[in-house]
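# Working through the structure, step by step
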Amino acid sequence: MSTAATTTTATIFPDDFKCPISLEIMSDPVILSSGHTFDRSSIQRWLDKGHRTCPITKLPLSDNPSLIPNHALRSLISNYTASNFPKSIQNRQDSETLILNLTSKKSSPEVKLVSIEQLCVVSKRDFELRKRLTESGAVAAVLNCVGMKDFVQLVEKALKLLLNLSLDDDNKVGLVAEGAISNVVDVLCNGESADCRATAATVLTSLAVVEVNKATIGAYPFAIRGLIGLLREGGGRERKEAATALYALCSFPDNRRRAVECGAVEILVNSLSSGLERAVEVLGLLAKCKRGREEMTRFNGLVKILIHVMSSGTSRGVQYALLTLNSLCSSSETVCMEALKEGVFEMCLRFLEDDNEKVRRNASSLIKVFGGAGCNP
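Residues numbered from 1 in each chain as written. Predicted model: local features only at pLDDT ≥ 70, side-chain atom pairs only at ≥ 80, totals over all residues. Heavy atoms only, no water.

## Digging into the overall build of the protein chain
Across its full length, the protein chain carries 24 helices and 3 strands. Taking 21 Å as the expected radius of gyration for a compact globule of 377 residues, we find that the protein chain reaches 23 Å, a close match to that expectation. When the backbone C-alpha atoms are referred to their principal axes, the protein chain occupies close to 70 × 45 × 35 Å. Buried positions account for 49% of the 377 residues belonging to the protein chain. Across the protein chain, the fraction of contacts at a sequence separation of at least 24, relative to all contacts at a separation of at least 6, is 65%. Total accessible area on the protein chain is roughly 17,400 Å²; 51% of this is exposed by carbon and sulfur atoms. Where the 45 positive side-chain charges of the protein chain centre and where its 42 negative ones centre are 1 Å apart. (Helix = DSSP H or I, 4+ residues; strand = E, 2+ residues; numbered from the N terminus. Rg over C-alpha atoms; globule rule 2.2 N^0.38 Å. Buried < 20%, exposed > 50% of the residue type's maximum accessible area, 1.4 Å probe, protein only. Contact = heavy atoms within 4.5 Å. Areas by Shrake-Rupley, 256 points an atom, 1.4 Å probe, with all protein chains shown as cover. Lys, Arg positive; Asp, Glu negative; His and termini not counted. Charge placed at Lys NZ, Arg CZ, Asp CG, Glu CD.)

Given below as structure tokens:
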């Protein structure tokens with residue numbers, strides 16, 4: 001769909017259907033504790049930057065704000081779309097025909113590609129269509145298309161449709177139960193194009209939103225190893241998506257150990273050194289486990305790399321660089337002394353005035369570590 005077409009469509013939707021942050025039509029509306037609704041991806045980015053206030057009311061939020069799905073609003077948006085834009089599908093083909101063409105064993109790969117392309121466009125915003133797709137048995141057909149390695153364009157589109165289907169929390173566990181991990185990890189490790197590999201990593205990130213899936217994906221052979229390989233060898237988007245997926249998975253403690261055992265620490269440090277700031281977020285999680293800290297303390301120059309992030313990184317980067325140093329300095333007097341020698345204490349004092357609450361909190365915690373460990377500045 002062209003930008004012009006997207007803009008025209010968005011302008012005739014009621015304003016209540018638009019996210020207050022992105023000003024775009026919401027595909028996954030969620031309610032914040034302040035009572036206001038936002039698109040999940042937009043408010044998650046806001047929270048990930050360390051903000052703990054409502055973007056509208058500016059009232060304070062808890063440290064771990066809950067995002068409650070607004071099913072009523074999502075249904076309204078879906079129904080409004082269906083009643084006001086019926087031609088959006090009919091001009092391409094009837095949605096049921098598209099699903100039939102996708103699921104039919106008689107359909108050629110080329111026919112399946114056309115169907116998936118059309119379904120991708122509409123399913124991103126149409127909850128009811130996503131529901132029909134999952135209830136019609138189309139998931140198995142989509143996964144079969146993901147496995148057609150010789151038809152790269154079909155694999156790319158099938159992965160994007162799979163990503164759309166994973167937008168709904170109710171679908172995330174179901175997709176894993178249908179065997180999605182196997183197909184996605186295969187593309188992650190052996191995909192023919194960079195777009196395929198990056199999208200495969202994004203699908204894993206989306207599936208890992210559900211806690212039970214973090215454990216399932218992490219335990220799957222080559223899932224974490226494949227992400228680490230993509231982080232080491234991939235291009236810009238591939239490395240970014242791989243780091244994002246690792247961050248999502250490593251919020252589950254067992255996956256931190258798995259990542260460390262697969263050699264994640266060295267690759268993450270090298271990635272951070274080369275400018276991939278997202279790597280520090282994963283390091284912050286891995287530093288919470290003993291094996292991770294042991295690997296990091298062996299890595300010469302890590303403290304200086306973290307200091308560089310603290311000096312020139314984003315607010316989120318600073319937050320996780322401080323978190324990583326907190327863990328390392330708490331367990332290693334050597335790292336603690338090196339950090340003090342490099343001026344981290346003075347940096348922490350400045351961060352106590354930072355606008356980001358998590359930066360302030362992590363800086364304050366690190367100052368206490370310096371004192372408590374006997375590494376007095």
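Following the structure, the description resumes.
## Some points on the packing of aromatic side chains
Taken as a whole, this structure holds 2 aromatic pairs when the rule is applied. Aromatic side chains Tyr 247 and Tyr 320 sit 5.7 Å apart centroid to centroid with 85 degrees between the ring planes, which places their arrangement in the edge-to-face category. Taken together, the residues Tyr 247 in helix α15 (residues 236-249) and Tyr 320 in helix α21 (residues 315-331) connect sequence positions 73 residues apart. Here Tyr 320 falls in the buried class, since its relative accessible area comes to 6%. Cation over ring: Arg 316 sits above Tyr 247, and NZ or CZ is 5.3 Å from the ring centre. (Phe/Tyr/Trp six-rings, centres within 6.5 Å; stacked < 30°, edge-to-face > 60°. Lys NZ or Arg CZ within 6 Å of the ring centre and 35° of its normal.)

## Describing the side chain of Asn 70
Looking at where Asn 70 falls in the secondary structure, it is placed in the loop between β3 (68-69) and α3 (71-84). Owing to a relative accessible area of 13%, Asn 70 belongs among the buried residues under this scheme. In this structure, Asn 70 is in contact with Pro 29, Val 30, Ile 31 and Thr 37, ignoring residues within four places of it in sequence.

## A few points about the nonpolar core
The nonpolar side chains of a soluble globular protein tend to be buried with one another. Counting 101 residues, the largest nonpolar core has Leu 102, Leu 227, Leu 286, Leu 322, Val 344, Leu 366 and Phe 370 as its most contacted members. With 8 residues, the single largest contributor to this core is α21. In this view, Val 344 contacts Ile 307, Met 310, Leu 325, Ala 339, Leu 366 and Phe 370; residues no more than four positions away in its chain are not counted. Cys 19, Val 30, Leu 32 and Leu 67 belong to the second-largest nonpolar core, a separate cluster that totals 16 residues. (Core = buried A, V, L, I, M, F, W, Y, C linked by side-chain atoms within 4.5 Å.)

## A closer look at helix α23 (residues 344-351)
Working note: α-helix, 3.6 residues per turn, so residues spaced by three or four point in the same direction. Among all positions of α23, only Val 344, Phe 345, Met 347, Cys 348 and Phe 351 are buried. The arc that holds the buried residues of α23, viewed along the axis, is 160 degrees, so those residues lie on one side. (Arc of directions from axis to C-beta.)

## Section: the confidence of the model for the protein chain
Per-residue confidence for the protein chain averages 88 on the pLDDT scale, and 92% of its residues sit at or above 70. Below pLDDT 50 for its whole length, residues 1-11 participates in 7 contacts with residues either more than four positions away or in separate chains. For residues 86-93, every residue scores under 50 in pLDDT, and the model assigns this stretch 11 contacts once sequence neighbours within four places are set aside. (pLDDT = per-residue confidence, 0-100.)

## Considerations on unusual backbone geometry
Trans peptide bonds make up the majority, and among non-glycine residues the majority have a negative phi. In this structure, Leu 23 takes a positive phi of about 65 degrees despite not being glycine. Note on placement: Leu 23 falls in the loop between α1 (3-11) and β1 (29-31). Positive phi, normally seen in glycine, also occurs at Lys 58, with a value near 70 degrees. With respect to the helices, strands and loops of the structure, Lys 58 is situated in the loop between α2 (40-48) and β3.

## Focus: the side chain of Arg 130
Looking at the element boundaries, Arg 130 is found in helix α7 (residues 127-135). Judged by its relative accessible area of 0%, Arg 130 falls in the buried class. For Arg 130, the side chain forms a polar contact with the main-chain oxygen of Ser 123, separated by 2.7 Å. Sequence-distant contacts of Arg 130, defined by excluding residues within four places in its chain, comprise Ser 27, Arg 74, Ser 123, Lys 124, Arg 125, Asn 164, Leu 165, Leu 167 and Asp 168. (Polar contact = N/O pair within 3.5 Å; in protein donor to acceptor, adjacent residues only side chain to side chain.)

## A word on the pattern of salt bridges
All chains considered together, the criterion is met by 19 salt bridges. The salt bridge involving Asp 28 is made with Arg 40; its shortest N-O contact spans 2.8 Å. Within this pair, whereas Asp 28 is found in the loop between α1 and β1, its partner Arg 40 is found in helix α2, the two being separated by 12 residues in sequence. Under the relative-accessibility criterion, Asp 28 is labelled buried at 8%. Salt bridges linked by common partners bring Asp 28, Arg 40, Arg 74, Arg 130, Asp 168 and Asp 169 together as one network. (Salt bridge = Lys/Arg side-chain N within 4 Å of Asp/Glu carboxyl O.)

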